[in-house]
Amino acid sequence: MSSDRSKDVTPPPLPAPLAVPVADSHTHLDMQSGTVEEGLAKAASVGVTTVVQVGCDVNGSRWAADTAAAHPSVHATVALHPNEAPRIVLGDPDGWSRQGERTAGGDAALDEALAEIDRLAALPHVKGVGETGLDHFRTGPEGIAAQERSFRAHIEIAKRHGKALVIHDRDAHDDVLRILKEEGAPERTVFHCYSGDAEMARICAENGYFMSFAGNVTFKNAQPLRDALVAAPRELVLVETDAPFLTPAPYRGRPNAPYLIPVTLRAMAAVKGLDEDTLAAAVSANTARALGY
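Presented here is an overview of the structure given in this document. (Residues numbered from 1 in each chain as written. Predicted model: local features only at pLDDT ≥ 70, side-chain atom pairs only at ≥ 80, totals over all residues. Heavy atoms only, no water.)

1. Examining the nonpolar core
Here comes step 1: With 83 residues, the main nonpolar core has Phe151, Leu180, Phe191, Tyr194 and Phe213 as its most contacted residues.
Here comes step 2: No other element matches helix H4 (residues 106-121), which puts 6 residues into this core.
Here comes step 3: Setting aside anything within four residues of it in sequence, one finds Phe151 in contact with Thr132, Gly133, Leu134, Leu165, Ile167, Val176, Ile179 and Leu180. (Core = buried A, V, L, I, M, F, W, Y, C linked by side-chain atoms within 4.5 Å. Buried < 20%, exposed > 50% of the residue type's maximum accessible area, 1.4 Å probe, protein only. Helix = DSSP H or I, 4+ residues; strand = E, 2+ residues; numbered from the N terminus. Contact = heavy atoms within 4.5 Å.)

2. What to know about the pattern of salt bridges
Here comes step 1: Counted by the stated rule, this structure contains 17 salt bridges.
Here comes step 2: Arg149 serves as the salt-bridge partner of Asp107, at 3.4 Å between the closest nitrogen and oxygen. Linking Asp107 in helix H4 with Arg149 in helix H5 (residues 144-161), this pair joins segments that are 42 residues apart in sequence.
Here comes step 3: Its relative accessible area of 45% is what places Asp107 among the partly exposed residues.
Here comes step 4: For Arg149, a relative accessible area of 30% corresponds to the partly exposed category. (Salt bridge = Lys/Arg side-chain N within 4 Å of Asp/Glu carboxyl O.)

3. Considering the sheet that holds strand S8 (residues 237-239)
Within a sheet, each strand pairs with its neighbour through backbone hydrogen bonds, oriented either parallel or antiparallel.
Here comes step 1: Strand order in the open sheet formed by 8 strands is S1-S2-S3-S4-S5-S6-S7-S8, with parallel pairing between adjacent strands. Lying at the two open borders of the sheet, with one neighbouring strand each, are strand S1 (22-27) and S8. Within this sheet the neighbouring strands show an average axis-to-axis angle of 30°, counted without direction.
Here comes step 2: Packing against the sheet, helix H7 (residues 198-207) makes contact with strand S5 (164-170), strand S6 (189-191) and strand S7 (210-213), and its axis sits at approximately 135° to S7. (Pairing = 2+ DSSP bridges. Axes fitted to C-alpha atoms, helices over the stretch in contact; angles between N-to-C directions.)

4. A look at the packing of aromatic side chains
Here comes step 1: A full pass over the atoms with the stated rule returns 2 aromatic pairs.
Here comes step 2: Here Phe191 and Tyr209 contribute two aromatic rings whose centre-to-centre distance is 5.8 Å and whose plane-to-plane angle is 40°, an arrangement assigned as tilted. With Phe191 in strand S6 and Tyr209 in the loop between H7 and S7, the pair connects residues that are 18 residues apart, well separated along the chain. For the residue pair Phe191 and Tyr209, the accessibility class agrees, reading buried in each case.
Here comes step 3: Their ring planes at 45° and their centres at 5.4 Å tell us that Tyr194 and Phe213 sit as a pair that is tilted. Within this pair, whereas Tyr194 is found in the loop between S6 and H7, its partner Phe213 is found in strand S7, the two being separated by 19 residues in sequence. Like Tyr194, the residue Phe213 is buried in the burial classification.
Here comes step 4: Positioned above the aromatic ring of Tyr259 is the side chain of Lys42, whose terminal nitrogen or guanidinium carbon lies 4.1 Å from the ring centre.
Here comes step 5: In this arrangement the basic side chain of Arg170 is found over the ring face of Phe137, its NZ or CZ atom lying 3.6 Å from the centre. (Phe/Tyr/Trp six-rings, centres within 6.5 Å; stacked < 30°, edge-to-face > 60°. Lys NZ or Arg CZ within 6 Å of the ring centre and 35° of its normal.)

5. Here's the deal with H7
Here comes step 1: Those residues of H7 not exposed but buried are Ala198, Met200, Ala201 and Cys204. Relative to the axis of H7, the buried residues are bounded by an arc of 150° and lie together on one face.
Here comes step 2: At the N-terminal boundary of H7, the capping side chain belongs to Asp197, with an oxygen 3.3 Å from the backbone nitrogen of Glu199.
Here comes step 3: Where H7 terminates, the next one or two residues include Gly208, which has phi positive at roughly 75°. (Arc of directions from axis to C-beta. Polar contact = N/O pair within 3.5 Å; in protein donor to acceptor, adjacent residues only side chain to side chain.)

Just distances and angles here, no functional claims.
Shown next as structure tokens:
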């Protein structure tokens, strides 16, 4: 959520329900207010009948797996976020992450964390390995080696368990594409919160990578993202909230949640020149195919 906005914490109103049910391909229920049950019920009331709960660290990944095991409408992915890997290796003196202040653990600590992600990835209700990838926005040059090592390890884990790979790519398009090529991408690869341009969308399409669009596709300054959505083949497009972040316009800056998927999906349908039911049906089928449920 943008820090330059007024902090309006009132949840946006319920949108009109979708006629064709869809999935939120990427959300963080553990960072949202209210209970999981409340969030799922609210989402289902507007046609968002499936959510993918995404892990960003060891504790969050365990929580994602447990939550998916307890709720048939929830699927889990597990991973160390690209910004988590350097914190494990180099320490986190500011306590920026949810674990608070941490001392440097070195490569051994990263290996230990990756072993737990590997264990969780084997569980049947865990459908993907992610969000993993590269983030050159928040991690400086000193953290790049840890990020890359972690990303390569996640690719291997996803392939070995036959799970989808869910990618976080922030200001790192060329390096993410390069590493996927070097390692060999898993059969199912999803670019979460797709942030590339139309040219990158064509590269993703050539490789069969799924592109998941979030609420930022509705932002005024996001024309390159809308151009990418036009270029993305219908059969490779997903929709997500990344809630509680990236709330779609006109609610930008307020808390996001899976029930707001219809707002983004309708905006996407307009950009692609499709009616919302057609896009919803495609997105629903694509998400099931991408995550293998």
